[in-house]
Amino acid sequence: MAGSTPKAPGMKRIMRRKDDRRDKYGLNLRVWTRRHEQDIENRLRQGEDPGRLLDWHERELAWLQHERLIHLGVMMITIVVFLVALAFMVLVPSTIPVSTIIYLAMLGLLIGYVRYYFFLENTVQHWYTIADDLYARAGARHRAGQAVDTEPKRTA
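Quick notes on the rules
Residues numbered from 1 in each chain as written. Predicted model: local features only at pLDDT ≥ 70, side-chain atom pairs only at ≥ 80, totals over all residues. Heavy atoms only, no water. Axes fitted to C-alpha atoms, helices over the stretch in contact; angles between N-to-C directions. Helix = DSSP H or I, 4+ residues; strand = E, 2+ residues; numbered from the N terminus. Parallel < 35°, antiparallel > 145°, perpendicular 65-115°, else oblique. Contact = heavy atoms within 4.5 Å. Nonpolar A, V, L, I, M, F, W, Y, C, P; charged D, E, K, R; others polar. Patch = residues over 30% accessible without salt bridge, like charges linked within 9 Å, V, L, I, M, F, W, Y side chains within 5 Å. Areas by Shrake-Rupley, 256 points an atom, 1.4 Å probe, with all protein chains shown as cover. Salt bridge = Lys/Arg side-chain N within 4 Å of Asp/Glu carboxyl O. Lys, Arg positive; Asp, Glu negative; His and termini not counted. Charge placed at Lys NZ, Arg CZ, Asp CG, Glu CD. Buried < 20%, exposed > 50% of the residue type's maximum accessible area, 1.4 Å probe, protein only. Phe/Tyr/Trp six-rings, centres within 6.5 Å; stacked < 30°, edge-to-face > 60°. Core = buried A, V, L, I, M, F, W, Y, C linked by side-chain atoms within 4.5 Å.

Caption draft 1: How the structure looks around the packing of helix α2 (residues 29–45) against helix α3 (residues 50–91). Across the interface, α2 lies against α3 with an axial gap of 11 Å and an inter-helix angle of 170 degrees. It follows that α2 is roughly antiparallel to α3 by the angle criterion. Residues Leu29, Trp32, His36, Asp39, Ile40, Arg43 and Leu44 of α2 touch α3, and the partners they reach there are Pro50, Leu53, Trp56, His57, Glu60, Trp63, Leu64 and Glu67. The residue makeup of the contact of α2 with α3, split by class, is nine nonpolar, two polar and four charged.

Caption draft 2: Spotlight on a nonpolar patch on the surface. Taken together, the side chains of Ile77, Val81, Val98 and Ile102 present a nonpolar region at the surface, about 340 Å² in accessible area. Broken down by secondary-structure element, the contributors of at least two residues to the nonpolar patch are α3 and α4 (96–145). You can see Ile77 is positioned in helix α3.

Caption draft 3: Summary view of a positive patch on the surface. A surface patch of positive charge is lined by Arg30, Arg34, Arg35 and Arg115. Tallying contributions element by element places α2 first for the positive patch, with three residues. Tracing the backbone shows Arg35 in helix α2. With relative accessibility at 59%, the residue Arg35 sits in the exposed group.

Caption draft 4: Broad picture of the pattern of salt bridges. Within this structure, the stated rule accounts for five salt bridges. Asp39 serves as the salt-bridge partner of Arg43, at 3.4 Å between the closest nitrogen and oxygen. A residue pair is termed a helical-turn pair when its members lie 3 or 4 positions apart in one helix, as Arg43 and Asp39 do in helix α2 at four residues. Of the residues examined, Asp39 reaches a relative accessible area of 25% and is grouped as partly exposed.

Caption draft 5: How the structure looks around the environment of Ile102. Along the chain, Ile102 falls in helix α4. For Ile102 and Val84, which are 18 residues apart along the polypeptide, the C-alpha to C-alpha distance reads 9.5 Å. Apart from residues no more than four positions distant in its own chain, Ile102 is found in contact with Val81 and Ala85.

Caption draft 6: Quick peek at the packing of aromatic side chains. According to the stated counting rule, one finds four aromatic pairs in the structure shown. Arranged with centres 4.8 Å apart and planes meeting at 25 degrees, the rings of Phe82 and Tyr103 form a pair that is stacked. Taken as a pair, Phe82 in helix α3 and Tyr103 in helix α4 lie far apart in primary sequence, 21 residues in all. On the accessibility criterion, Phe82 (12% relative accessible area) is buried. For Tyr103, a relative accessible area of 18% gives the class buried. Each ring, one from Tyr116 and one from Phe119, has its centre 6.2 Å from the other, and the planes form 35 degrees; the classification is tilted. Of this pair, Tyr116 and Phe119 are both found in helix α4, three residues apart, which corresponds to roughly one turn of the helix. When its relative accessible area of 21% is taken as the criterion, Tyr116 is described as partly exposed. In this structure Phe119 comes out as buried when scored by relative accessible area, which is 13%.

Caption draft 7: Structural detail: the nonpolar core. Of all hydrophobic cores here, the largest spans 16 residues; its most connected members are Leu29, Ile40, Leu64, Trp127 and Leu134. Sorting elements by how many residues they give to this core places α4 first, with seven residues. In this structure Leu29 touches Trp63, Leu64, Glu67, Tyr116, Phe119 and Leu120, once residues within four positions along its chain are discounted. Core analysis: the next-biggest nonpolar cluster, separate from the first, contains seven residues, Met75, Ala85, Met106 and Leu110 among them.

And the structure:
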């Protein structure tokens, strides 16, 4: 036992996570959304219940909407810093060297954020149409399973 250190119960899980490089730099949302859409298409072809797929899709859609909201906030903060740097460049000439560096850095970030937010917004809009399609399929399946006589029975 001398020289060995006791390990915490969750240490093995933490070490495994550290060695797993798949999501080291975060989730690749473009790949994730493409896989999700392909998975829905494949499951529909295999005959899975559209109602279950709709529930799953709406949970994923809610996560994507949250991602979009967070990035909208970050983009707005970036725009404010960008405009403040621009104002300092124009109104306070003594700060031109520093404010130009900040301005250019914010411009680069802003271009990236606008492109990414554009992707998020278009993906959410596309997923709304997928949800509508799943809803229609689930409704059609539900209607097909109902009895032909849908009027309530009258009792004398």
